[in-house]
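What follows is the residue order along each chain.
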Amino acid sequence: MTVPWSIAIKELRDALRNRWLLAISVLFAVLAVGIAWFGAAASGTVGFTNVPATMASLSTLATLLIPLIALMLAYDAIVGEDEAGTLLLLLSYPLRREQLLLGKFFGHGLILALATVAGFGAALLVILVGAEDVPAALLVGAFARFAVSSMMLGWVFLAMAYVLSCRVREKSTAAGLALAVWFFFVLVFDWLLLALLVLSEGRFSPESLPWVLLCSPTDLYRLINLSGFDAGAEMTGVLALGRELPVPVWGLWGALGLWMLVPLTLALVLFRRRI
Amino acid sequence: MTAIEMHSVRHGYGRTTVLHDLSLTVGAGEVLGLFGHNGAGKTTTMKLILGVLRPDAGEVRVLGVPAGEARARRELGYLPENVSFYPQLSGRETLTYFARLKGVPVSGIAALLDQVGLTDAADRRVRTYSKGMRQRLGLAQALLGEPRLLLLDEPTVGLDPIATADLYALIDDLRRRGTAVVLCSHVLAGVESYIDRAAILCQGRLRALGSLPELQREAGLRWRLTSLQVDPLGRTLRCERTVVAKEKMAWLRALSNQPETVDVEVRAPSLEDLYRHFQNTAGRRERV
């Protein structure tokens, strides 16, 4: 395991050096505190209101942001090394390709994990100290679930970025495709699903439709974060389908895990075929 | 031990065959120059030896084991063409990273940096390095772990004349210690005195292989004799003639027997002449 570890450490050091890690952590912290305080501004109040509403807003915003950060972090993992001429060099070293890719994954995964813990952890402390009448146990539990699922969501999109990076020949292509992936899972998928719901006018069986949510890691992520509450009110839009989803919470986690493993395996296969 | 053995190796991408029936051996302590136009198959040959590509047919063995095996890779050093490394790392950090990946002790890094003349720049970011400095860093990287086989792809690109001379001195030194070196280049001038044998690739085929004298015999190119003679009036006459190799000595004898000859310059067919000759004859053969 020393080879993947060496690669992971280098990635982590790069992120420290170019201040990526710091920037992401600060962004997460500011975001979380901001939402906790101003999330209810639309209803005329400022300040921490309640845990379910906060988690719902937070996970909605994180759904936009975390995939984007993960894709930006990893889209050039392989194709970037190829363009710099270091990929051929690395492949001539006594290491296997899966070690190289796993090393990148560990490194990028660690960056996201540290940023999540540092950023959202800081936000949690600020809320606990600064707000009055906070149900501390409920909030800590919700934040823990939020932090872990955020990491997972980031890892899912890291794996997708590797698929792109192993497949294409130019960095700019990988960047373009990464944006397309982000756009699809963050916006287009839900639009399509809504359009389907509206246009089908109930012709689809209500039992099968909720399963479609499993096809989107971002929807899975939001379902996981709302699952802890009796939060029917927060499940708006396509997530309303989730209320009818006959899958226990661990099933949602498992599905998110699959969303990480399948692209990672695909990336490995593509990387092995690359010359 | 034989450093490289290639037996009837064929390789292609899709339907185009890039290498046809290549057989080549390089012994320990031998320096082989691998020459050819862009697209002649040099890089493919390198990748086959590195084990990054697998041959479609034939066999490639490196240091006694099939190419690409961890043991072969650990004892092999490779300097790729145009490697820019990681701009955010310093030279020392770059070498440390690659040493860890290769599994060699990092204690030898200071000596390597010194050997390539990068000690003063060792802690600067590679971003600030000139092309020649990056090339030297690449060379230090290739020398990690005292490899028994060194593959150098265009090693002199971006080096100034002094650094080039240093590089060749280094290669000479390594050769004496038994390291096999494959030097891939299209800069032919100056390289001939440092290589033991030359391999000339042309359109994916090995067109010629041998030491310089062997290739000169095979090509049958003419030698150039330039003589300076002083006529009875004291005027200097310069006389140039090209002769075939086996008449060279007869001409030299005749010239030195003439008392008016004050100087004779003998120029053998250079590597460049040979290269052009083999490229042209290959082209002609192809057209027929």
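Residues numbered from 1 in each chain as written. Chains lettered and ligands numbered in written order. Predicted model: local features only at pLDDT ≥ 70, side-chain atom pairs only at ≥ 80, totals over all residues. Heavy atoms only, no water.

Asks: Looking at this model, I keep getting lost on the overall build of chain A. Mind explaining?
Replies: When you go through chain A residue by residue, the secondary structure sums to 10 helices and 0 strands. The C-alpha atoms of chain A give 20 Å as radius of gyration, which agrees with the globular expectation for 275 residues (19 Å, within 12%). When its C-alpha atoms are laid out on the principal axes, chain A stretches across 60 × 50 × 30 Å. Counted over contacts in chain A with a minimum sequence separation of 6, partners at least 24 positions apart contribute 81%. As presented, chain A carries roughly 12100 Å² of accessible surface, and 69% of it is formed by carbon and sulfur atoms. Distance between charge centroids for chain A: 13 Å, based on 17 positive and 17 negative side chains. (Helix = DSSP H or I, 4+ residues; strand = E, 2+ residues; numbered from the N terminus. Rg over C-alpha atoms; globule rule 2.2 N^0.38 Å. Contact = heavy atoms within 4.5 Å. Areas by Shrake-Rupley, 256 points an atom, 1.4 Å probe, with all protein chains shown as cover. Lys, Arg positive; Asp, Glu negative; His and termini not counted. Charge placed at Lys NZ, Arg CZ, Asp CG, Glu CD.)

Asks: Looking at this structure, how should I read the sheet that holds strand β4 (residues 57-62) of chain B?
Replies: What links the strands of a sheet is backbone hydrogen bonding, and the strands pair in either a parallel or an antiparallel sense. Residues and elements named next belong to chain B. In space, the 4 strands of this open sheet follow the order β2-β1-β4-β5, with antiparallel pairing throughout. Sheet topology places β2 (16-27) and β5 (65-66) at the edges, where each strand pairs with a single neighbour. Two elements, β4 and β5, share 2 bridges in a ladder whose sense is antiparallel. Paired with R61 across the two strands is P66, which belongs to β5. Packing of helix α1 (residues 42-50) onto the sheet brings it into contact with β1 (2-13), β2 and β4, and relative to β1 it is tilted by some 120°. (Pairing = 2+ DSSP bridges. Axes fitted to C-alpha atoms, helices over the stretch in contact; angles between N-to-C directions.)

Asks: What is the right way to read the sheet that holds strand β7 (residues 149-153) of chain B from this model?
Replies: Residues and elements named next belong to chain B. A sheet is described by the order of its strands in space; here 6 strands give the open sequence β6-β7-β8-β3-β9-β10, paired in mixed fashion. Each edge of the open sheet is held by one strand with a lone partner, namely β6 (76-79) and β10 (205-210). Strand-to-strand twist in this sheet, taken as the mean axis angle between neighbours without regard to direction, amounts to 15°. In the sheet, strand β3 (residues 31-35) pairs with strand β8 (residues 180-185) via 5 bridges, with the strands oriented parallel. Paired with G33 across the bridge in β8 is L183. Along the sheet face, helix α5 (residues 131-142) touches β6 and β7 and points at about 165° away from the line of β6. Contacts from helix α7 (residues 212-219) reach β9 (197-202) and β10 within the one sheet, and its direction differs from that of β10 by about 115°.

Asks: Quick question: what am I supposed to make of the environment of A110(B) here?
Replies: Assignment of secondary structure puts A110(B) in helix α4 (residues 109-115). The spacing of A110(B) and S270(B) is 160 residues in sequence and 39 Å in space, taken between C-alpha atoms.

Asks: Looking at this structure, how should I read the domain arrangement of chain B?
Replies: For chain B, the domain assignment lists domain 1 (4-216) and domain 2 (222-268). When each unit is reduced to the centre of its C-alpha atoms, the spacing between domain 1 of chain B and domain 2 of chain B is 42 Å. (Domains from an automatic or database assignment.)

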